[in-house]
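As a plain string of letters, each chain reads:
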Amino acid sequence: MAAMASKRGALIVLEGVDRAGKTTQCKKLVQALLQSGLPAEMMRFPDRSTTIGQLISAYLEKKSELEDHTVHLLFSANRWELVPVMKKKLEQGITLVVDRYAFSGVAFTSAKPGFSLDWCMKPDTGLPQPDLVMFLQLNPDEAALRGQFGAERYETSAFQKAVQEKFEQLMKDQTVNWKIINASQNIEGVHDDIRTHSLNVINKAQTMPLGELWK
Ligand code: ADP
Ligand code: 2DT
């Protein structure tokens, strides 16, 4: 195949605890980019539409039980199975806006007893490196004002607190381009911050090769 002259899209990830506004902001960002004439698509992990995703979905809905290491590896496999599609879209110049990624994978499993951060990071090592990871920071009291916890697995205040601590550990890693976003602003305020960081990184990514996560 002939070398593509076009510039690649950026890989942009939104992370944060439950109800921080990730889904709301991913949608708004994609809309804003499209309106500026920049090709963009949203993705989310877990992607519950695949065969692996359906196993994960049943587990999260508490319709099935899976051993903790096993489900961790399934979440990771669910990312790896989408890598060919992701790379193709990025090469086509499409910016991907992703609702959760390997950071949720590590934060949630390592919040369980007996799991080290190190072990949890291994299966996702080498995934496409995000050009930008925005962490939507929101304290639990404010999150509570946005609605009750749902009925899915992990949706308890004690577990979410442990997850938040693991995210804080992950954010010390300087090999990842973390930006902390104040998610307690109104929806437009959060969006303005996210859009500014994203436009910046979309520009820079055009001339940089896609990296490998945690490598
Ligand atoms: P997440 O994907 O992080 O769980 P959502 O985007 O689904 O969060 O938002 C959770 C709830 O909070 C939704 O009802 C949404 O409308 C509301 N919400 C999102 N962002 C804000 C905000 N900045 N201020 C107030 N409420 C918000
Ligand atoms: P939502 O579909 O509401 O985002 O919930 N999770 C997610 C993991 O435990 N490991 C992962 O790798 C990922 C991506 C976070 C999904 C739930 O699954 C958790 C909440």
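For every chain, the first residue of its written sequence is number 1, and the numbers climb from 1 along that sequence. To read the labels, note that chains go from A and ligands from 1, taken in the order they are written. The predicted origin of the model limits local features to residues at a pLDDT of at least 70 and limits the giving and counting of side-chain atom pairs to 80 or more, whereas totals for whole chains, interfaces and linings rest on all residues. The side-chain figures draw on all heavy atoms in the structure; neither hydrogens nor water molecules are used.

K.L.:
I tried to follow the site of ligand 2 on my own but got confused; where do I start?
P.N.:
Any residue with a heavy atom lying within 4 Å of a molecule or strand is counted as near it. Around ligand 2 lies a shell of 13 residues, among which Arg48, Phe75, Arg79, Arg100 and Gly105 are the nearest. At 2.8 Å from an oxygen atom of ligand 2 is found a side-chain nitrogen or oxygen belonging to arginine 79. Two N or O atoms count as a polar contact when they lie within 3.5 Å, although within protein this holds only if one can serve as hydrogen donor and the other as acceptor, and sequence-adjacent residues are included solely when both atoms are side-chain atoms. The separation between an oxygen atom of ligand 2 and a polar main-chain atom of glycine 105 is 3.4 Å. Note on areas: Shrake-Rupley with a 1.4 Å probe; residue coverage comes only from the protein chains shown. Within the complex, the protein chains bury 90% of what would otherwise be the 470 Å² of accessible surface of ligand 2. A 1.4 Å probe that fits into a set of points on a 1 Å grid over the protein atoms alone but cannot get out defines a cavity; an open set with protein on both sides within 12 Å along at least five of seven lines defines a pocket, and lining residues are those with an atom within 4 Å of a point. Pocket occupancy is defined atom-wise: a molecule lies in a cavity or pocket when more than half of its atoms are within 2 Å of its grid points. Mapping ligand 2 onto the cavity grids shows that it belongs to the largest pocket. Elements are defined by DSSP. Helices are runs of H or I of four residues or more, strands are runs of E of two residues or more, and each kind is numbered from the N terminus. For the shell around ligand 2, the elements supplying multiple residues, two or more each, are α3 (68-80) and α5 (102-110).

K.L.:
Explain the packing of helix α1 (residues 22-35) against helix α9 (residues 187-205) to me, please; I cannot follow it from the model alone.
P.N.:
Packed helices, taken two at a time, are described by their axes: the angle between them and the distance between them. At a minimum axis distance of 10 Å, the contact between α1 and α9 shows a crossing angle of 55°. As summarised for this structure, α1 and α9 are arranged oblique, according to the angle between their axes. α1 and α9 meet at a crossing whose hand is right-handed. Residues Thr24, Gln25, Lys28, Leu29, Ala32 and Leu33 of α1 form the contact with α9, whose participating residues are Ile187, Glu188, Val190, His191, Ile194, Arg195, Ser198, Leu199 and Ile202. Three residue categories are used. Nonpolar comprises Ala, Val, Leu, Ile, Met, Phe, Trp, Tyr, Cys and Pro, charged comprises Asp, Glu, Lys and Arg, and polar comprises the others, including Gly. Each residue belonging to the contact of α1 with α9 can be placed in one class, and the counts come to eight nonpolar, four polar and three charged. Axis definition: a line fit to C-alpha positions, over the contact stretch in the case of helices; interaxial angles, taken between N-to-C directions, run 0 to 180 degrees. If an angle is under 35 degrees, it is roughly parallel; if it is over 145, roughly antiparallel; if it lies from 65 to 115, roughly perpendicular; otherwise it is oblique. Left-handed describes a crossing in which the near helix is turned anticlockwise from the far one by less than a right angle; the clockwise case is right-handed. By the convention used here, residues are in contact when the closest approach between their heavy atoms is within 4.5 Å.

K.L.:
Would you mind showing me how to read the sheet that holds strand β3 (residues 95-99) here?
P.N.:
Each strand in a sheet pairs with another by means of backbone hydrogen bonds, the pair being arranged parallel or else antiparallel. Any two strands between which DSSP finds at least two bridges are classified as paired. If you trace the five strands from one edge of the open sheet to the other, you get β2-β3-β1-β4-β5, paired in parallel fashion. The sheet is open, and its two borders are formed by β2 (40-44) and β5 (178-182), each paired with just one other strand. Across the sheet, the mean angle from the axis of one strand to that of its neighbour is 25°, orientation sign disregarded.

K.L.:
Would you mind showing me how to read the packing of aromatic side chains here?
P.N.:
Note on aromatic pairs: each is described by the distance of the centres and the angle between the planes. Pairing of aromatic rings covers Phe, Tyr and Trp, the last counted by its six-membered ring, and requires centre-to-centre distances within 6.5 Å; plane angles under 30 degrees mean stacked, over 60 mean edge-to-face, and any other angle means tilted. This model, assessed by the stated rule, comprises ten aromatic pairs. With a centroid separation of 5.9 Å and an interplanar angle of 45°, the aromatic rings of phenylalanine 45 and tyrosine 101 are classed as tilted. Taken together, the residues span a long stretch of sequence, with phenylalanine 45 in the loop between β2 and α2 (51-60) and tyrosine 101 in the loop between β3 and α5 at a distance of 56 residues. Overall, the relative accessible area of 3% leaves phenylalanine 45 in the buried class. Burial status follows relative accessibility: with a 1.4 Å probe on protein chains alone, a residue under 20% of its type maximum counts as buried, one over 50% as exposed, and anything between as partly exposed. Residue tyrosine 101 is classed as buried on the basis of its relative accessible area, which comes to 1%. On the numbers, 5.0 Å between centres and 55° between planes, the contact of phenylalanine 135 with phenylalanine 167 is tilted. Here phenylalanine 167 lies in helix α8 (residues 157-170) and phenylalanine 135 lies in strand β4 (residues 132-137), a separation of 32 residues in the sequence. A single burial state applies to phenylalanine 135 and to phenylalanine 167, both of which are buried. Each member of the aromatic cluster is reached from another via a ring pair, and the members are Phe45, Tyr101, Phe103, Trp178 and Trp214. Working rule: Lys NZ or Arg CZ, within 6 Å of ring centre, within 35 degrees of ring normal, means a charge sits over the ring. Seen from the ring of phenylalanine 149, arginine 19 lies directly overhead, with NZ or CZ sitting 4.2 Å from the centre.

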